[in-house]
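Single-letter residue listing:
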Amino acid sequence: MHIPENYLSPATCGIMAAAMVPVWTHAVRKVNKELPKEKIPYIGVGAAFSFLGMMFNVPLVGGTTGHAVGGTLIALLFGPNAACLAVSIALLIQALLFGDGGILAFGANCFNMAFVLPFVGYGIYRLITKNKESSGLKITAAAVASYIALNLAALCAAIEFGIQPLLFKDEMGQAIYCPYDLSISIPAMMIPHLLVAGFVEAIFTVAIFAFVKKTSPDLIFENIEKENEKKKKHIPVFALVAFLIAATPLGLLATGTAWGEWGSDEIAEIVTNGNKLGYTPSGLLSGWSLESVMPDYTLNGVNETVAYILSAVIGVAILIIFFKLLSIPMRGKKINASGVDE
């Protein structure tokens, strides 16, 4: 679902980035009001779950690959506004350091995975539970919400891909950017996500949500006003992060490229509906790109598995440090000794 560099026109990228600016601004303000100051650093743990989830690639229908995002999961832990910030920073690190997703397409990727996914997922969860206390209902709601939200985010990406050849063509009538219109992009994105990726997202969300709910209930967003133990260590949660880091090489087992993430050197040979594309869009050939430090989570001279684990460690460390530093200037929500918002 990561839109690469030059698959979207500069105009599309600019519009999507501009649309995210007020969302990010709103999210920062709301997090400062919704979360106690001591809980803000833990958003980095939520961001780590998202970053790691996106490293576990799974094979999808059609020979492509996909992964969980964890947007609904983070919304359940820290609220949708915190989830927006967490996934946005995770996507930024992926784009800058690992070349996973485009820098120019950053706004579009954030719109899909950091805005649509967590806000829709959290809204559906609240709609289903309606503040009921049944644990079974909450787990079911988390599964349903995360499945629907991921697929809606995938649909947004499919539309962004699909409108490019309708709007931007050269003098020969060939697409300048993404060459596949809506009749191809929507089924190509939605069938694998509806059949596989959505369920992966639901399993990932439910497994971690249930674990945190049992071991660190004070990290659940709906429990903020009920839990007021400020000095909890949350060792089980950090142990889970460490376990996921060690297990990330499992993501290397899935071969193939995610749909819409081909390089400019291979897209001409891609076969869709029995037909080879046969050309490389000019925007992909001459577009801007950033030379990432560890492209595709690899490092020259380093074993692939070791490099993948090292990438996970670096990404998680940056995320946790970033949100720890972010919490310093923030005041956070004030909760008195009885656990009530002042």
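Coordinates for the structure precede this section.
Just so we're clear, the structure is a prediction, and the values are computed from it rather than from any experiment.

Q: For this particular structure, what's the right way to read the overall build of the protein?
A: Counting its secondary structure elements, the protein contains 11 helices and four strands. Scaling as 2.2 N^0.38, a compact globule of 342 residues should have a C-alpha radius of gyration of about 20 Å, and the protein matches this with 20 Å. Seen through its principal axes, the protein has C-alpha atoms that stretch 70 × 45 × 35 Å. Per-residue burial for the protein yields a buried fraction of 52% across its 342 residues. Taken as a whole, the protein presents about 14800 Å² of accessible surface, with 65% of it coming from carbon and sulfur.

Q: Would you explain unusual backbone geometry in this entry?
A: Despite not being glycine, Asp296 has its phi angle at roughly 55°, a positive value. Along the chain, the position of Asp296 falls in the loop between α10 (282-286) and α11 (304-327). According to the relative accessible area criterion, Asp296 is exposed, its value standing at 57%. The phi dihedral of Tyr297 falls on the positive side, at around 65°, and the residue is not glycine.

Q: Help me out: how do you make sense of the packing of aromatic side chains in this one?
A: Ring pairs (aromatic) are described by centroid distance and by the angle formed between their planes. Summed over the entire model, instances satisfying the criterion amount to 17 aromatic pairs. Pairing Tyr147 with Phe199 gives two aromatic rings, centres 4.9 Å apart and planes at 45°, and the pair type is tilted. Of the two residues, Tyr147 is situated in helix α6 (residues 135-162) and Phe199 in helix α8 (residues 182-215); the sequence distance between them amounts to 52 residues. Judged by its relative accessible area of 45%, Phe199 is partly exposed. On the basis of an interplanar angle of 80° and a centroid distance of 5.7 Å, the ring pair of Phe168 and Tyr177 is categorised as edge-to-face. Ring pairs connect the aromatic residues Tyr7, Phe161, Tyr180, Trp259 and Trp262, which therefore count as one cluster.

Q: What should I look at first to understand a positive patch on the surface in this one?
A: Positive charge collects at one region of the surface, where Arg29, Lys30, Lys33 and Arg331 lie side by side. In this structure, Lys30 sits in helix α1 (residues 10-34). Taking relative accessible area as the criterion, Lys30 reaches 31% and is therefore assigned partly exposed.

Q: Can you walk me through the nonpolar core in this structure?
A: For soluble globular proteins, nonpolar side chains are generally found buried alongside one another. By size, the foremost hydrophobic cluster in this structure holds 100 residues, and its most contacted members are Leu35, Ile43, Phe49, Phe51, Leu52 and Phe78. Per element, the largest residue contribution to this core is 11 residues, and it comes from helix α4 (residues 80-98). If we skip the residues at most four places from it in the chain, Ile43 touches Val31, Leu35, Phe78, Ala82, Ala86 and Phe323.

Q: Would you mind going over the pattern of salt bridges with me for this structure?
A: Two side chains carrying opposite charge are able to pair once their charged atoms lie near each other. Here the structure, examined in full by the defined rule, presents four salt bridges. Measuring nitrogen to oxygen at the nearest pair gives 4.0 Å for the salt bridge that ties Asp218 to Lys39. Of this pair, Asp218 sits in the loop between α8 and α9 (235-247) while Lys39 sits in the loop between α1 and α2 (43-53), and the two are 179 residues apart along the sequence. With a relative accessible area of 2%, Asp218 lands in the buried category. A residue is classified by how much of its surface remains accessible, and Lys39, at 5% relative accessible area, is buried. One connected set of salt bridges, linked through shared partners, spans Glu133, Lys138 and Glu222.

Q: What am I meant to see in α9 here?
A: For an α-helix the count is 3.6 residues per turn, leaving residues at separations of three or four pointing the same way. Between the first and last C-alpha of α9 there are 18 Å, a value that for 13 residues agrees with the 18 Å anticipated at 1.5 Å per step. Those residues of α9 that fall on the buried side of the exposure criterion are Val237, Leu240, Val241, Leu244, Ile245 and Ala247. Close packing links the buried residues of α9 with α2, α8 and α11.

Q: Explain the environment of Ile43 here, please?
A: Position of Ile43 among the secondary structure elements: in helix α2. Taking the C-alpha atoms as reference points, Ile43 and Val23, separated by 20 residues in sequence, lie 17 Å from one another.

Q: Please explain the packing of α9 against α11 as it appears in this structure.
A: Geometrically, a packed helix pair is captured by the angle between its two axes and the distance between the axes. Following both chains from N to C, one finds α9 and α11 inclined at 150°, their axes separated by 9 Å at the closest point. The angle between α9 and α11 places the two elements in the roughly antiparallel class. Note on element contacts: α11 touches α9 through Ile309, Ala312, Val313, Val316 and Ile320, opposite Phe238, Val241, Ile245 and Ala246. Here the contact of α9 with α11 is composed, by residue class, of nine nonpolar, no polar and no charged.

Q: Looking at this structure, how should I read the packing of helix α3 (residues 71-78) against α4?
A: Relative to each other, α3 and α4 sit at 130°, their axes nearing to 7 Å. Taken together, the axes of α3 and α4 lie oblique to each other. Considering how the two elements wind past one another, α3 and α4 form a crossing that is right-handed. For the pair α3 and α4, contact is made by Gly71, Ile74, Ala75 and Phe78 and by Pro80, Ala82, Ala83, Ala86 and Val87, respectively. Broken down by class, the residue content of the contact of α3 with α4 amounts to eight nonpolar, one polar and no charged.

What counts as what
- Residues numbered from 1 in each chain as written.
- Predicted model: local features only at pLDDT ≥ 70, side-chain atom pairs only at ≥ 80, totals over all residues.
- Heavy atoms only, no water.
- Helix = DSSP H or I, 4+ residues; strand = E, 2+ residues; numbered from the N terminus.
- Rg over C-alpha atoms; globule rule 2.2 N^0.38 Å.
- Buried < 20%, exposed > 50% of the residue type's maximum accessible area, 1.4 Å probe, protein only.
- Areas by Shrake-Rupley, 256 points an atom, 1.4 Å probe, with all protein chains shown as cover.
- Phe/Tyr/Trp six-rings, centres within 6.5 Å; stacked < 30°, edge-to-face > 60°.
- Patch = residues over 30% accessible without salt bridge, like charges linked within 9 Å, V, L, I, M, F, W, Y side chains within 5 Å.
- Salt bridge = Lys/Arg side-chain N within 4 Å of Asp/Glu carboxyl O.
- Lys, Arg positive; Asp, Glu negative; His and termini not counted.
- Charge placed at Lys NZ, Arg CZ, Asp CG, Glu CD.
- Core = buried A, V, L, I, M, F, W, Y, C linked by side-chain atoms within 4.5 Å.
- Contact = heavy atoms within 4.5 Å.
- Expected span 1.5 Å × (residues − 1).
- Axes fitted to C-alpha atoms, helices over the stretch in contact; angles between N-to-C directions.
- Parallel < 35°, antiparallel > 145°, perpendicular 65-115°, else oblique.
- Nonpolar A, V, L, I, M, F, W, Y, C, P; charged D, E, K, R; others polar.
- Left-handed = near helix turned anticlockwise from the far one by under 90°.

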